[in-house]
Amino acid sequence: MLRSFATGIRTPGITSFNNRQLALRALSSKLIILDKDGTLMSFHRPWLSWCRRVQYRLGSLAADKIACSVDFKLRDMGVNLQDQDITLGVFAESSQVEVREHLRTAYIAALEELLEAEPGATEGVFTECQNKGDVKGAALADVKGLLEHLKQHGYKVAIATADTDVGVRDFLEDCESSHLVDFIMSSSCSDLPAKPSGRSASLICERMGVSAADTVMVGDTPTDMAFGVNGSFKHIIGVTSGTLQMHFRCSSGAV
C-alpha cells in the first residue's frame, strides 16, 4: 500500500482509494510523516503470539500460587490432601457457607500476594515471554524502496510513533533504512508530547524547516488522523493495514 502511495500505482485488494490521485495530491508537499506500527510494520501476529504466551504463563503462575495458598489454608482448616485426611477444624465443625467463605478468602489472598508481594515474579513472566519469542513485527512493504523513492523525489521523511527510539532504530536497521529518515519522534523524546499533540506536530515541521501546509501525515489509527488534524497538515492519509477502519478514515477527513 505504501509503495503504491509513493508511486501512484494501485495495489489490488489492499485499499479502495485512488492511489494515483493521492500521489498527485502529495506531489506539492515537502514533508511526509509516517507512523510506524500498523503503517510501516505489521504488529498483529507478533503481539498476539506474545500476549498468548504471557496469558499462559501468568495463568500458570497464578494457578500455582493459588493452589499453594489454598493448600495451606486447607491444612489450617483440618484438611490434608496429601495424606487424604481430615482432622478437627472448619470442615469438621463448620457449615458449608463458612467453609466456602474460608476458601474464598484464601483465593483472594493468594491473588493479592501474587500481584503485590511478588512484583518481581510477574515482571519476570514478561521478560521470559519476550526472550522466548520475537516481538518484532514484519515490514508491511518494501520500506527501503519506499523511503528511497520519497527521497529521490525530494521529500523529507519523519517517523512519529509511540514506540521507543531504540525500537524505531532497530526496525529501520532491519530494513536498512536508517539513513533515509530525517527525524524520529518517539516516546523517548521528552521534549515532544505524544501524538496527537498539535504542539509536537508543529515542532516536527519547525525542525524540518517545512510548513504544515507542505506536510502529509500517513497513519493507521484515529490518533494518527487527529495528529494530522491538530497539526493542520495539508493531507492526512489513513491506511487500513493496522487498526483504522474505513468508515473512521472517511469520517475523520482522511483520504
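What comes next concerns the included structure. The structure presented is a predicted model; accordingly, all values stated were derived computationally and were not measured. All chains use their own residue numbering, which begins from 1 and follows the written sequence. Owing to the predicted nature of the model, reporting of local features is limited to residues with pLDDT of at least 70; listing and counting of side-chain atom pairs is limited to 80 or more, with chain, interface and lining totals taken over all residues. The basis for the side-chain values is all heavy atoms of the structure; hydrogens and waters are excluded.

### Regarding the sheet that holds strand S1 (residues 31-34)
- With parallel pairing, 5 strands are arranged side by side in an open sheet as S7-S6-S1-S8-S9. Strands with a single pairing partner mark the edges of an open sheet, and in this sheet they are strand S7 (183-185) and strand S9 (235-238). The sheet shows a mean angle of 20° between the axes of neighbouring strands, direction not considered.
- Where strand S8 (residues 215-219) and S9 come together, 4 bridges link them in parallel fashion. Bridge assignment links Gly-219 to a residue of S9, and that residue is Gly-238.
- In this fold helix H8 (residues 165-174) packs onto strand S6 (156-160) and S7, with an angle of close to 135° to the strand it touches most, S7.
- Strands S1, S6, S7 and S8 of the sheet are contacted by helix H9 (residues 198-208), whose axis makes an angle of about 165° with S7. DSSP-based pairing: two strands are paired if at least 2 bridges between them are found. What counts as a helix is a DSSP run of H or I of at least four residues, what counts as a strand is a run of E of at least two, and both are numbered from the N terminus. With axes taken as lines fitted to C-alpha atoms, and helix axes fitted only over the stretch in contact, angles between N-to-C directions fall between 0 and 180 degrees. We call two residues in contact whenever any of their non-hydrogen atoms come within 4.5 Å of each other.

### Focus: helix H10 (residues 222-230)
- Listed in full, the buried residues belonging to H10 are Asp-224, Met-225, Phe-227 and Gly-228. In an axial view of H10, the angular spread of the buried residues amounts to 155°, which keeps them on one side of the axis.
- Looking one or two residues beyond H10, the residue adopting positive phi is Ser-232, at roughly 55°. For each residue, the accessible area found with a 1.4 Å probe, counting protein chains only, is set against the maximum for its type, and the residue is called buried under 20%, exposed over 50%, and partly exposed in between. The arc in question is the one spanned by the directions pointing from the helix axis to the C-beta atoms.

### Some remarks on the environment of Met-225
- Counting through the fold element by element, Met-225 comes out in helix H10.
- Taking C-alpha positions, Met-225 is 7.7 Å from Ile-237, a pair spaced 12 residues apart along the chain.

### Some points on the layout of surface pockets
- A cavity, in this analysis, means grid points on a 1 Å lattice covering only the protein atoms where a 1.4 Å probe fits yet has no way out; a pocket is instead an open set bounded by protein on both sides within 12 Å along at least five of seven lines, and a residue lines either one if it has an atom within 4 Å of a point. Grid points are joined across faces, edges and corners, and a volume is the space filled by probe spheres set on the points. Of the volumes computed, that of the second largest pocket is approximately 230 Å³.
- Around the second largest pocket sit 16 residues that line it, and Asp-35, Thr-161, Ala-162, Lys-195 and Thr-223 are the ones nearest its centre.
- All residues other than Ala, Val, Leu, Ile, Met, Phe, Trp, Tyr, Cys, Pro, Asp, Glu, Lys and Arg, Gly among them, are scored as polar; the first ten of these are nonpolar and the last four charged. Here the residues of the lining of the second largest pocket are counted per class, giving 6 nonpolar, 5 polar and 5 charged.

### Some details on the pairing of S8
- Across the 5 residues that make up S8, a large majority, 5, are buried.
- Residues Thr-215, Met-217 and Gly-219 of S8 are buried on one face, and the alternating residues Val-216 and Val-218, pointing to the opposite face, are buried as well.
- Pairing geometry for S1 and S8, over 4 bridges, is parallel. Within S8, the position partnered with Ile-32 by the bridge is Val-216.

### Quick notes on the pattern of salt bridges
- Note on definitions: salt bridges are taken to be side-chain nitrogens of Lys or Arg within 4 Å of carboxyl oxygens of Asp or Glu. For the coordinates displayed, the defined rule picks out 11 salt bridges.
- For the salt bridge of Asp-214 with Lys-30, the shortest nitrogen-to-oxygen distance reads 4.0 Å. Taken together, the residues Asp-214 in the loop between H9 and S8 and Lys-30 in the loop between helix H2 (19-26) and S1 connect sequence positions 184 residues apart.
- Note on Asp-214: relative accessible area 19%, which makes it buried.

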